[in-house]
Structure formats: structure tokens, C-alpha cells
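# Observations on chain architecture
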Amino acid sequence: MENIKVCDYLAHAENRDISVLTLIDDKEYEEGLEKMRFDVKTNPDKTISNDFAELVCIAKKL
């Protein structure tokens, strides 16, 4: 868990190719993006809690 600035996370949220975001209804997804964009405009220092984990695996063929 960490607190991150909304402005630092907006680009990730706009990338709907992230598997979790594909599960959200289109209308709700767009509403959420608009809320984030509004927050960035009105309070660029606003933070949100991030409990998202990301795992990157790199393999080497032997």
C-alpha cells in the first residue's frame, strides 16, 4: 500500500489495456477517468491509496 499522486497515476488509468481495467463497465470507467482528471485540475497534489501489485518476469533462454 502506498499513497500516490493522482496526476502520477492518470496515465496508467488511461491505459485500459491493463487487465483489471477491462473488467470495469465502459460508463463507470469513463466516469472514473473524468473524476481523476478533475482532481488533477483542481488539486494536483491530491493523493489516492494504491493497493495494486505489479509483477514483471524476465526470462532467459539457456
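Right, let's talk about helix 1 (residues 6-14) for a bit. Among the residues making up helix 1, those that are buried are Val6, Leu10 and Ala13. One face of helix 1 carries all of its buried residues, which in axial projection span an arc of 75 degrees. Among the exposed residues of helix 1, those pointing more than 90 degrees away from its buried face are Asp8 and Ala11. On its buried face, helix 1 is in contact with strand 1 (2-5), helix 2 (26-42) and strand 2 (47-50).

This paragraph deals with the nonpolar core. Formed by Val6, Leu10, Ala13, Leu21, Tyr29, Leu33 and Met36, the largest nonpolar core amounts to 7 residues. Contributing elements (two or more residues each) for this core: helix 1 and helix 2. Apart from the residues within four sequence positions on either side, Ala13 is in contact with Leu21, Tyr29, Leu33 and Met36.

Looking now at the layout of surface pockets. Here the largest pocket is characterised by a volume of approximately 410 Å³. Mapped onto the lining of the largest pocket, the elements with two or more residues apiece are helix 1 and helix 2. A total of 5 residues in the lining of the largest pocket trace back to one element, the largest contributor, which is helix 2.

The rules behind the values
Residues numbered from 1 in each chain as written. Predicted model: local features only at pLDDT ≥ 70, side-chain atom pairs only at ≥ 80, totals over all residues. Heavy atoms only, no water. Buried < 20%, exposed > 50% of the residue type's maximum accessible area, 1.4 Å probe, protein only. Helix = DSSP H or I, 4+ residues; strand = E, 2+ residues; numbered from the N terminus. Arc of directions from axis to C-beta. Contact = heavy atoms within 4.5 Å. Core = buried A, V, L, I, M, F, W, Y, C linked by side-chain atoms within 4.5 Å. 1 Å grid on protein atoms, 1.4 Å probe; cavity = no way out; pocket = protein on both sides within 12 Å on 5 of 7 lines; lining within 4 Å. Points joined across faces, edges and corners; volume = space filled by probe spheres on them.

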